Amino acid sequence: MRKYLFFTLFWWPFFTFAQHQNRINLNQDWLFAFGHPFETSLDFDHGTGYFSYLSKAGYGDGPAAREFDDLPWRRLDLPHDWVVEMPFSAEGSHSHGYKAVGRNFPENSVGWYRKHFRPTDPGKQYFLDFEGVSRDAKVWVNGFYLGNEPSGYQSFSFNITDYLNFEGENVIAVRADISMEEGWYYEGGGIYRNVWLRALGPVFIPQNGTFITYDINKKNASVQIAFDVKNRSLTDVKVNVLHEIFDGERRKVGEILSDELYIKSFESISGKSQLDMKGIRRWSLEDPHLYTCKSTVISSGNVLDSYDTRFGLRTIRFDGQKGFFLNDKLVKLKGTNNHQDHAGVGCAMPEGLIAYRLQLLKDMGSNAYRSSHNPPTPALLDLCDEMGILVINENRLMGTHQEALSELKRLMVRDRNHPSVIVWSIGNEEWAIEGNDIGAKMAANMQAYAKTLDTSRPINAAISGGWGAGISTTIEIMGYNYLVHGDTDVHHAKFPDQPSIGTEEGSTYTTRGIYVDQPEKHYMTAYDQKPLPDWYSIEECWKHYASRDYLSGMFIWTGLDYRGEPTPHDWPSITSYFGMRDLCGFPKDNVYYLKSWWQSDEKVLHIMPHWNWPGREGEEIEVRVYSNYPEVELFQDGKSLGKKKMEENGHLQWAVNYQPGKLSAVAFDKKGKMAQETVIKTSGKAKSIFLEEEVFPQPQSGQTVRMVKVSAKDENGIMVPIADDLIQFELEGAGEILGVGNGDPTCLERDVFNKEYRLIEMPEVESQELSAALLMKYCGQEGEHLFQELSREAGLKAYTATFELTDKQLAAKMQWFKKEIAQDARYYINGKMIVPDTEADGGVFEFPDGLLKTGVNSFLAIGSPLEKKYVWESLNTSPGTLQLVYDQGIWQRSLFNGLAQVIVRPGKGKLKLTASGEGLEAYTLLLKE
């Protein structure tokens with residue numbers, strides 16, 4: 001009997017966010033294998049059956065079929081991004097980070113996933129929810145085709161109730177194809193967001209079936225709850241819906257019972273309830289308080305369903321003259337644009353990693369986030385709600401055809417209860433239309449359609465050209481993409497009542513820890529400067545926006561580096577240079593400029609560059625200080641180089657002749673008293689490794705991670721800012737390393753060191769009569785003796801085939817997962833008889849060392865022919881599958897300008913991470929439980 005990790009479903013209350021209480025996370029225990037976009041023989045012969053899955057219900061074939069043999073497949077947990085595991089290649093996509101995927105690499109561009117599970121209650125309605133699959137995902141359950149989601153960013157769901165088998169196993173199958181790109185930036189591949197299974201009664205509130213709006217009057221609120229109820233039973237029902245409001249401490253603060261609703265069989269009905277709340281606590285940046293509305297469907301005293309909606313009470317207002325107001329308080333938006341990938345893991349970011357990234361942005365004073373350029377993962381919005389971060393929630397593609405409007409609706413209906421969302425963005429830099437009448441019409445129509453879904457938030461589009469024409473004339477909130485493209489003052493004078501935001505500014509090129517351009521290495525100085533002569537530095541951008549009340553704020557391109565778009569370079573640059581932080585989240589120096597002026601809770605005193613410049617003794621080096629103190633004095637080896645006053649939203653700089661030693665910046669408060677000192681010293685050579693676990697709020701979901709910063713120190717304990725040592729990592733305990741990184745935009749080292757699995761389907765066999773000549777052909781001289789032995793048995797047949805292997809394939813650990821082609825068969829590879837390693841159904845064969853060879857290998861099976869159970873049945877002629885497992889070696893990463901990162905997913909219990917490197921003292925860190 002084959003051994004699978006069946007997932008038997010047990011349900012428990014799950015009180016968070018907008019969801020049903022009876023839902024379970026399906027991220028564990030999936031199986032994965034590569035398919036192929038057009039070679040059906042390499043795609044498990046999917047779609048080759050006499051009837052296709054589009055012909056008749058339940059006719060999914062290949063991996064879409066429930067009975068498909070997936071025993072050789074790789075086992076893994078979600079979220080998963082297979083692209084981050086692929087090598088880099090100059091033939092890969094420039095915009096997607098030169099990974100070996102896409103049209104030039106069809107063998108790496110289709111991924112299949114399968115999951116076995118056992119539902120337990122046939123009286124429920126079962127819904128399968130995907131938060132995001134990259135991309136062009138097709139889904140089956142037990143061979144029944146459910147549908148296709150072309151976008152890699154949309155969440156989607158299926159009712160799978162009628163397709164389930166409650167007497168045995170069930171199988172979900174997903175095929176993702178990333179041959180064609182959707183965005184122009186790294187998108188990964190696979191099921192990179194959560195998967196859920198909901199089990200509901202036949203009468204229920206659908207997913208995203210509530211919408212809570214409100215009117216606030218000082219400390220009181222009138223709350224309106226719009227809701228839908230579906231009846232999937234075969235009889236009509238009468239129901240009431242009880243709405244109970246709980247505050248953040250789980251205290252009930254209000255309730256209302258709806259009027260009775262009559263719902264016919266297989267119909268839906270919408271209802272509205274209203275209640276008053278007194279003494280409310282508003283959601284704000286400083287106090288992001290959240291309420292939960294528990295909506296319970298009741299019929300004749302019986303509870304049929306319960307649905308929780310988390311929401312916040314706050315007011316937002318954009319003013320064309322004065323800017324943005326949150327709870328009637330003027331707030332300047334200090335935002336960043338970000339894509340959804342990180343070092344080591346690509347797009348497959350557990351919620352803990354998303355929390356880490358948001359905290360890094362918040363630490364530098366950012367209060368807003370633009371989901372560029374697609375619907376974000378739901379976890380990001382949940383965290384922004386909890387952390388007090390404002391969001392521009394962006395649609396993937398502009399359009400007014402049915403599919404485009406449907407995508408916009410799905411985004412808005414999914415996310416409209418999040419208090420963090422303050423703006424809906426319907427498009428970004430649509431160059432073909434943004435400055436003409438077509439764009440104006442499309443924007444006006446999309447905007448009008450959006451208002452039918454939500455009138456509580458304004459609509460925005462990000463525009464990089466044609467200001468004063470096209471989209472900018474009809475959009476509710478103007479989005480300026482880059483000051484180089486126009487004059488905001490001129491546009492404001494023409495449209496004085498139109499609110500506006502700098503939706504993208506900056507796009508400066510910087511490399512962490514680099515202070516002299518090194519074009520031969522594709523490294524760009526970290527000094528803040530214009531990316532092109534007529535563009536603007538980060539400081540120039542912020543001064544422009546900070547000095548104009550009518551501008552609601554600006555969003556920098558970008559908060560963190562991301563894979564792809566390595567402007568102004570190409571291969572071997574693999575990541576962008578735009579981020580205020582690198583791909584690991586390590587700060588570039590611009591972080592400290594922004595932190596100086598984007599927040600006032602913490603004092604800042606930062607010196608750049610580092611003070612390790614061997615060979616440049618006596619040369620003049622520009623030293624900058626970022627600070628929010630009014631006055632700073634710089635010292636070199638104890639000698640004052642002068643005291644300077646800080647300009648608002650500016651920085652200070654000195655020309656300093658380099659010599660090894662010490663620089664110190666001394667800050668003075670408004671009274672002229674010394675308030676803080678920052679010191680940097682010239683280090684010696686790296687002597688030891690240092691590991692530090694970074695502290696940040698872990699999410700409530702349990703998808704926690706441990707972020708470990710790796711550095712090197714000299715013999716005096718000073719961090720070495722130019723260290724580039726190769727560091728190796730070993731993790732002991734219940735957990736796993738998810739990925740490693742270092743922020744180097746040209747580093748082609750592996751991000752992950754998981755074993756790589758590849759499958760080879762063995763060729764179909766040819767059935768032949770037994771003969772001495774045949775057996776001698778396949779077994780040499782032993783064949784004659786074998787024939788004499790077997791000739792006494794009646795009805796035996798020989799089944800032969802040949803298969804080829806390359807040197808690379810022979811380097812893998814190889815197993816043969818047998819399929820039955822004859823009864824009571826014995827098997828020979830290259831003339832040698834082999835026996836199964838396990839007697840599981842089908843058998844698994846380990847090949848002895850030296851048995852296989854480069855080039856042609858022979859296969860021979862001898863046994864009695866299989867018998868058909870039905871006249872129409874086709875007998876199997878495939879010997880099975882070769883599983884190749886490539887060991888990628890020990891986890892390791894080079895330091896880049898002194899730093900590297902390890903991402904760990906913890907289990908239960910203690911975890912110990914040890915780092916070692918040639919010539920360096922090792923370091924062991926006990927991670928927090």
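These notes cover the structure that comes with them. Computed from a prediction, not measured in an experiment: that's the story for all the values here.

Conventions adopted
Residues numbered from 1 in each chain as written. Predicted model: local features only at pLDDT ≥ 70, side-chain atom pairs only at ≥ 80, totals over all residues. Heavy atoms only, no water. Helix = DSSP H or I, 4+ residues; strand = E, 2+ residues; numbered from the N terminus. Rg over C-alpha atoms; globule rule 2.2 N^0.38 Å. Buried < 20%, exposed > 50% of the residue type's maximum accessible area, 1.4 Å probe, protein only. Contact = heavy atoms within 4.5 Å. Areas by Shrake-Rupley, 256 points an atom, 1.4 Å probe, with all protein chains shown as cover. Arc of directions from axis to C-beta. Pairing = 2+ DSSP bridges. Axes fitted to C-alpha atoms, helices over the stretch in contact; angles between N-to-C directions. Polar contact = N/O pair within 3.5 Å; in protein donor to acceptor, adjacent residues only side chain to side chain. Core = buried A, V, L, I, M, F, W, Y, C linked by side-chain atoms within 4.5 Å. Disulfide = S-S within 2.5 Å. Phe/Tyr/Trp six-rings, centres within 6.5 Å; stacked < 30°, edge-to-face > 60°. Lys NZ or Arg CZ within 6 Å of the ring centre and 35° of its normal. Salt bridge = Lys/Arg side-chain N within 4 Å of Asp/Glu carboxyl O. Patch = residues over 30% accessible without salt bridge, like charges linked within 9 Å, V, L, I, M, F, W, Y side chains within 5 Å.

Next up on the list: the overall build of the protein. For the protein, the helix and strand inventory stands at 10 helices and 54 strands. Here the C-alpha radius of gyration of the protein, 31 Å, is about what a compact globule of 929 residues would show, namely 30 Å. Its C-alpha atoms put the protein at 105 × 80 × 55 Å along the principal axes. By residue count, 60% of the 929 residues in the protein fall in the buried class. Across the protein, contacts joining residues at least 24 apart in sequence account for 72% of those joining residues at least 6 apart. As displayed, the protein offers around 37600 Å² of accessible surface, 49% of which is attributable to carbon and sulfur atoms.

Another point: helix H8 (residues 772-779). Along H8, the residues classified as buried are Leu 774, Leu 775, Tyr 778 and Cys 779. End-on view of H8: buried residues confined to an arc of 105°, all on one side of the axis. Turned more than 90 degrees off the buried face of H8, the exposed positions are Ala 773 and Lys 777. Each element contacted by the buried residues of H8 is listed here: strand E44 (766-769), helix H9 (782-790), strand E45 (797-805), strand E47 (823-829) and strand E50 (855-864). With its phi angle positive at about 70°, Gly 780 sits one or two positions after the end of H8.

Next up on the list: the sheet that holds strand E26 (residues 368-371). An order of E25-E26-E27-E28-E29-E30-E31-E32 is seen for the eight strands of this closed barrel, with the pairing classed as parallel. Within the sheet, the average angular offset between the axes of one strand and its neighbour, ignoring direction, is 25°. With four bridges joining them, strand E29 (residues 459-463) and strand E30 (residues 477-481) adopt parallel strand pairing. The residue of E30 that forms the bridge with Ile 463 is Tyr 480. Helix H3 (residues 402-415) contacts strand E27 (390-394) and strand E28 (421-428) of the sheet and is inclined by roughly 165° relative to E28.

Strand order in the open sheet made by the five strands is E44-E45-E50-E47-E48, with antiparallel pairing throughout. What marks the edges here is a single partner per strand, and that holds for E44 and strand E48 (832-834). On average, each strand axis in the sheet is tilted by 35° relative to the strand beside it, whichever way the strands run. Where E44 meets E45, four bridges bridge the pair, whose relative direction is antiparallel. Considered in E45, the bridge of Glu 769 is made with Lys 797. Together, E44, E45, E47 and E50 form the strand contacts of H8, whose direction differs from that of E50 by roughly 140°. Each of E47 and E50 is contacted by H9, which is oriented at about 175° to E47, the strand it contacts most.

Quick look at unusual backbone geometry now. Put simply, Ser 372 and His 373 share a cis peptide bond, and its omega is -15°. Locating His 373 in the fold gives a position in the loop between E26 and helix H2 (378-387). A cis amide bond links Met 608 with the next residue in sequence, Pro 609, at an omega value of 0°. Within the secondary structure, Pro 609 sits in the loop between strand E33 (605-608) and strand E34 (620-627). Despite not being glycine, Arg 250 shows a phi value in the positive range, around 70°. Using a relative accessible area of 44% as the deciding quantity, one classes Arg 250 as partly exposed. If you check the backbone angles, Glu 429 has positive phi at about 45° while not being a glycine. Here Glu 429 is to be found in the loop between E28 and helix H4 (437-451). We classify Glu 429 as buried; its relative accessible area is 17%.

Below, the discussion takes up the side chain of His 289. Position of His 289 among the secondary structure elements: in the loop between strand E19 (268-278) and strand E20 (291-299). Here His 289 falls in the buried class, since its relative accessible area comes to 5%. Here the side chain of His 289 touches Gly 248 through a polar contact of 3.2 Å, landing on its backbone nitrogen. His 289 has contacts with Asp 247, Gly 248, Glu 249, Arg 281, Arg 282, Trp 283 and Gly 312, leaving out every residue within four places of it along the chain.

Time to look at the pairing of strand E7 (residues 125-130). Among the six residues in E7, six count as buried, and that is most of the element. Both faces of E7 are covered, namely the face carrying Gln 125, Phe 127 and Asp 129 and the face carrying Tyr 126, Leu 128 and Phe 130. One ladder, built from six bridges, connects E7 with strand E12 (residues 195-200); its direction is antiparallel. Bridging across to E12, Leu 128 finds its partner in Leu 197.

Generally speaking, soluble globular proteins have nonpolar side chains that are buried together. Ranked by internal contacts, the top residues of the largest apolar core, which has 86 residues, are Leu 353, Leu 358, Met 398, Ile 426, Leu 594, Trp 611 and Val 632. Leaving out residues up to four positions away in the same chain, Ile 426 has contacts with Asn 395, Leu 397, Met 398, Leu 408, Ala 443, Met 446, Ile 459, Asn 460, Ala 461 and Ile 475. Phe 34, Val 84, Phe 156 and Met 524 belong to the second-largest nonpolar core, a separate cluster that totals 48 residues.

Turning next to the pairing of E45. Of the pairings in the sheet, the one linking E45 to E50 comprises nine bridges and is antiparallel in character. Bridge assignment links Lys 797 to a residue of E50, and that residue is Gly 863.

By secondary structure assignment, the location of Arg 563 is in the loop between strand E32 (551-557) and helix H7 (590-598). A polar contact of 2.8 Å, which involves the side chain of Arg 563, links it to the backbone oxygen of His 342. At a separation of 3.0 Å, a polar atom in the side chain of Arg 563 contacts the side chain of Asp 751.

This brings us to the state of the cysteines. Taken as a whole and assessed by the stated rule, the structure comprises zero disulfides. Sulfur of Cys 384: no disulfide; nearest cysteine sulfur belongs to Cys 347 and is 17 Å away. What makes Cys 384 buried here is its relative accessible area of 0%.

This brings us to the packing of aromatic side chains. Aromatic rings in a pair are described by how distant their centres are and how their planes are angled relative to each other. Applying the stated rule across the entire model yields 42 aromatic pairs. Between Tyr 291 and Phe 311, the ring centres sit 5.8 Å apart and the planes meet at 25°, which makes this aromatic pair stacked. Placement of Tyr 291 in strand E20 and of Phe 311 in strand E21 (residues 302-311) is noted, with a sequence separation of 20 residues between them. Measuring from centroid to centroid gives 5.0 Å for Trp 611 and Tyr 658, while their planes differ by 70°, and the two rings are edge-to-face. Pair noted here: Trp 611 is in the loop between E33 and E34 and Tyr 658 is in the loop between strand E37 (652-657) and strand E38 (662-668), with a separation of 47 residues, a long-range link. Residue Trp 611 is classed as buried on the basis of its relative accessible area, which comes to 1%. Ring-pair connections join several aromatic residues into one group, and the members of that group are Phe 32, Phe 34, Trp 82 and Tyr 113. Between Arg 23 and the ring centre of Trp 196, over which it is positioned, the NZ or CZ distance is 3.5 Å.

Moving on: the pattern of salt bridges. One pass over the full model with this rule turns up 41 salt bridges. A salt bridge links Lys 595 to Glu 602; its shortest N-O distance comes to 3.1 Å. By relative accessible area, which is 14% here, Lys 595 ends up buried. When salt bridges that share partners are traced, they join Asp 247, Glu 249, Arg 251, Arg 281 and Asp 287 into one network.

Right, let's talk about a nonpolar patch on the surface for a bit. Residues Tyr 50, Phe 51 and Tyr 59 make up a contiguous nonpolar surface patch of about 380 Å² in total accessible area. For Phe 51, a relative accessible area of 30% puts it in the partly exposed group.

Keep in mind these values describe shape, not function.
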